[in-house]
Amino acid sequence: MSDTLYGVMTLFQTDFDQVPGGAARVPFLKSWVDKAADIGSQVIRIPGDWVQLEPGSKGNYAQWYVEETVELIKYAGEQGMSVIFEVGQTPDWAKPAGEDFGHFTPPADPDDYADAVAYLHQKLIDGGASQYVSAWEIWNEPNVSTFWPGSIFRNPVSVAQSIDPALNPAAE
């Protein structure tokens with residue numbers, strides 16, 4: 001038997017017309033998880049959104065977003081899928097002065113990003129969802145200028161270790 005897993009990538013950001021807001025949002029997102037399970041996916045990539053997590057200022061977290069994320073990851077896990085969870089998109093307050101490539105602008109301080117991801121990771125632990133996350137994707141395609149413009153690729157090890165100090169990406 002092969003150890004190879006098969007899965008799908010999803011895109012759930014709210015600025016896409018097909019994703020409803022309000023009370024209809026979570027059932028809609030779960031329907032996409034169901035579709036992935038229906039085709040036999042063993043892994044699902046769920047994008048996180050720093051803009052939604054910490055929109056207004058550092059440390060000011062949107063609890064609705066945290067609760068939705070915990071619920072969605074738990075739901076995927078309960079459907080038998082492991083989750084690759086990616087967090088990207090810089091909120092306006094975290095962008096460097098004078099640089100604006102939209103939400104794909106690299107943060108002025110990578111530690112702000114690391115702090116937000118570490119906060120969300122702790123909330124996943126608290127909510128019983130962290131066991132379903134098999135991998136954390138640090139940003140989306142940082143080697144592609146569309147997603148990490150005006151900057152060089154940065155080593156994700158310090159970010160990963162701020163998520164979980166027990167992580168040792170070099171050990172295998």
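Refer to the structure above for everything that follows.
Along every chain, residues carry numbers that run from 1 in the direction the sequence is written. The predicted origin of the model limits local features to residues at a pLDDT of at least 70 and limits the giving and counting of side-chain atom pairs to 80 or more, whereas totals for whole chains, interfaces and linings rest on all residues. Each side-chain value is derived from all of the structure's non-hydrogen atoms; neither hydrogens nor water enter the calculation.

1. Observations regarding the overall build of the chain
Step number 1: Along the chain, the regular secondary structure elements total five helices and four strands.
Step number 2: Start at the N end of the chain and walk to the C end: the helices and strands fall as β-α-β-α-α-β-α-β-α.
Step number 3: When the 172 residues of the chain are sorted by exposure, 42% land in the buried category.
Step number 4: Contacts between residues were defined by any pair of non-hydrogen atoms, one from each residue, lying within 4.5 Å. Taking all contacts inside the chain whose residues are at least 6 apart in sequence as the whole, residues at least 24 apart take part in 72%. Going along the chain from the N terminus, every DSSP run of H or I of four or more residues is numbered as a helix, and every run of E of two or more is numbered as a strand. Only protein chains enter the calculation, and the probe is 1.4 Å; a residue is then buried if its accessible area is under 20% of its type maximum, exposed if over 50%, and partly exposed in between.

2. Notes on the environment of T69
Step number 1: Position of T69 relative to the elements: it lies in helix α3 (residues 63-78).
Step number 2: Looking at T69, the relative accessible area reads 6%, which means it is buried.
Step number 3: Taking C-alpha positions, T69 is 9.3 Å from V26, a pair spaced 43 residues apart along the chain.
Step number 4: Residues within four places of T69 in sequence aside, it is in contact with F85, L120 and L124.
Step number 5: Within the structure, T69 has its side chain in polar contact with the backbone oxygen of Y65 (distance 2.8 Å). Think of a polar contact as two N or O atoms within 3.5 Å of one another; within protein, one of them needs to be a possible hydrogen donor and the other a possible acceptor, and neighboring residues in sequence only count if both atoms come from side chains.

3. A closer look at the side chain of D112
Step number 1: Turning to its location among the elements, D112 is positioned in helix α4 (residues 110-126).
Step number 2: Not counting chain neighbours up to four residues away, the residues in contact with D112 comprise W50, E54, K58 and W93.

4. Some thoughts on unusual backbone geometry
Step number 1: With a phi angle near 75 degrees, Q89 is a residue other than glycine that sits in the positive phi range.
Step number 2: Tracing the sequence through the fold places Q89 in the loop between β3 (82-88) and α4.

5. Some thoughts on the packing of aromatic side chains
Step number 1: Under the pairing criterion, centres of Phe, Tyr and Trp rings, with the six-membered ring standing for Trp, must be within 6.5 Å; the plane angle then separates stacked pairs below 30 degrees from edge-to-face pairs above 60, leaving the rest tilted. Going through the model one piece at a time under the given rule, you end up with six aromatic pairs.
Step number 2: Between F28 and W32 the ring centres are 6.4 Å apart and the planes differ by 70 degrees, which places this aromatic pair in the edge-to-face class. Of this pair, F28 and W32 both sit in helix α1 (residues 25-38), four residues apart, which is roughly one turn of that helix.
Step number 3: For the ring pair W50 and W93, a centre distance of 5.9 Å and an interplane angle of 85 degrees mean the geometry is edge-to-face. Placement of the pair is W50 in helix α2 (residues 50-53) and W93 in the loop between β3 and α4, with a sequence separation of 43 residues.
Step number 4: The class of W50 is buried, set by a relative accessible area of 0%.

Everything listed here is a matter of coordinates, which is why it stays silent on function.
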